[in-house]
Amino acid sequence: MSPRFLEDISAALAEHGLIQRGGFNFGDGEETPPGPSSVLAKSVLLVGQAGAAPWPHFRRWCGQQPAELENPLDTWSREVIGQVAQEFGARAVSPSDKPWLPFQQWAMRAEGLKPSPLGILMHPEYGLWHAYRGALLFEIEIPIQEPRESIHLCDACVGKPCMKSCPVEAYSPDGFAYEACLAHVRGSNGAPCRSGGCLDRNACPYGAQYRYPAEVQAFHMASFARPKR
Ligand code: B12
């Protein structure tokens, strides 16, 4: 393995606006998904985004695809992360692969993050404005450091505006009221959510400089609200 292994992966991802989101070596006897040659993976490196950095890359790619492509962001992510995986001897997996892989559990381990009251992980710099687009599974151990303990911004947030802005109180200590959220977003009063994104998520005061532009939030909300086939 080249001494610049992780830096080289970062450079390949940066061409698509993507970043490494930490990783770790699995423990002995841990049940892990297979790597590139079907042997159980020894390590995982998460790939994702801070703010909406991949958006211009994704939109350029969209311009060359059929207009009615289903799940275009997943398709783009699988394509570009798949190329990086091939180059570096890994198998690429997606957060949308079924059965679902435990991306948030991996992320908590990889970057020491904790969930916000919304379920979205809170990042000390990006706030709620980050996501995972894939992961690289290796059959070798990777030279990666354990994450440093980071502060959990929600602990210091007294007013919790994220729990007070949704007209149907979709997020509560009991969890996420998926049906209520969906009905509201699709309904006649859901226009602000459809055009500018989740009101609770947008009420969070942290990571404001990484907030996704309205166009990006509208794209994600449309994909959330679209009838599932
Ligand atoms: C199913 C799913 C949903 C379902 C949840 C249904 C339910 N009640 O279970 C629905 C469709 C509601 C949903 C919505 C959203 N989701 Co979602 N979702 C997933 C998905 C594909 C699988 C979750 C899962 O079961 N994993 C399997 C278990 C074993 O893994 P896990 O790590 O233990 O899973 C954790 C999550 O399930 C979490 N959880 C449980 N319920 C909910 C609900 C929400 C809203 C969130 C964010 C997390 C969450 O708790 C588990 C324990 O840690 C993950 C990707 C993934 N592979 O994990 C994304 C994921 C959790 N979602 C994500 C996001 C951002 C959202 C949205 C907030 C935004 C969006 N995508 O439009 C929306 C909320 C809608 C809104 N109004 O804005 C991100 C979170 C990123 C982060 N920074 O933490 C993920 C990781 C996808 C990604 N590409 O990054 N989601």
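Here the structure is a predicted model, which means the values were calculated and not measured.

About the cut-offs
- Residues numbered from 1 in each chain as written.
- Predicted model: local features only at pLDDT ≥ 70, side-chain atom pairs only at ≥ 80, totals over all residues.
- Heavy atoms only, no water.
- Pairing = 2+ DSSP bridges.
- Helix = DSSP H or I, 4+ residues; strand = E, 2+ residues; numbered from the N terminus.
- Axes fitted to C-alpha atoms, helices over the stretch in contact; angles between N-to-C directions.
- Contact = heavy atoms within 4.5 Å.

(A) Region of interest: the sheet that holds strand S6 (residues 130-138). Taken in spatial order, the four strands line up as S1-S2-S6-S3 in an open sheet, and their pairing is antiparallel. Each edge of the open sheet carries a strand with a single partner, namely strand S1 (19-25) and strand S3 (91-93). This sheet shows a mean twist of 25 degrees between the axes of neighbouring strands, independent of strand direction. Looking at chain direction, S3 and S6 are connected through three bridges and run antiparallel. Bridging from a neighbouring strand, Val93 pairs with Ala135 of S6. The strands that helix H4 (residues 103-111) touches are S1, strand S2 (43-50), S3 and S6; relative to S1, the one it contacts most, it runs at about 85 degrees.

(B) Expanded view of unusual backbone geometry. Lys98 connects to Pro99 through a cis peptide bond whose omega is -5 degrees. Inspection of the secondary structure assignment puts Pro99 in the loop between S3 and H4. Phi is positive for Asn71, which is not a glycine, with a value near 45 degrees. Examined against the element boundaries, Asn71 turns out to sit in the loop between helix H2 (55-62) and helix H3 (72-87).

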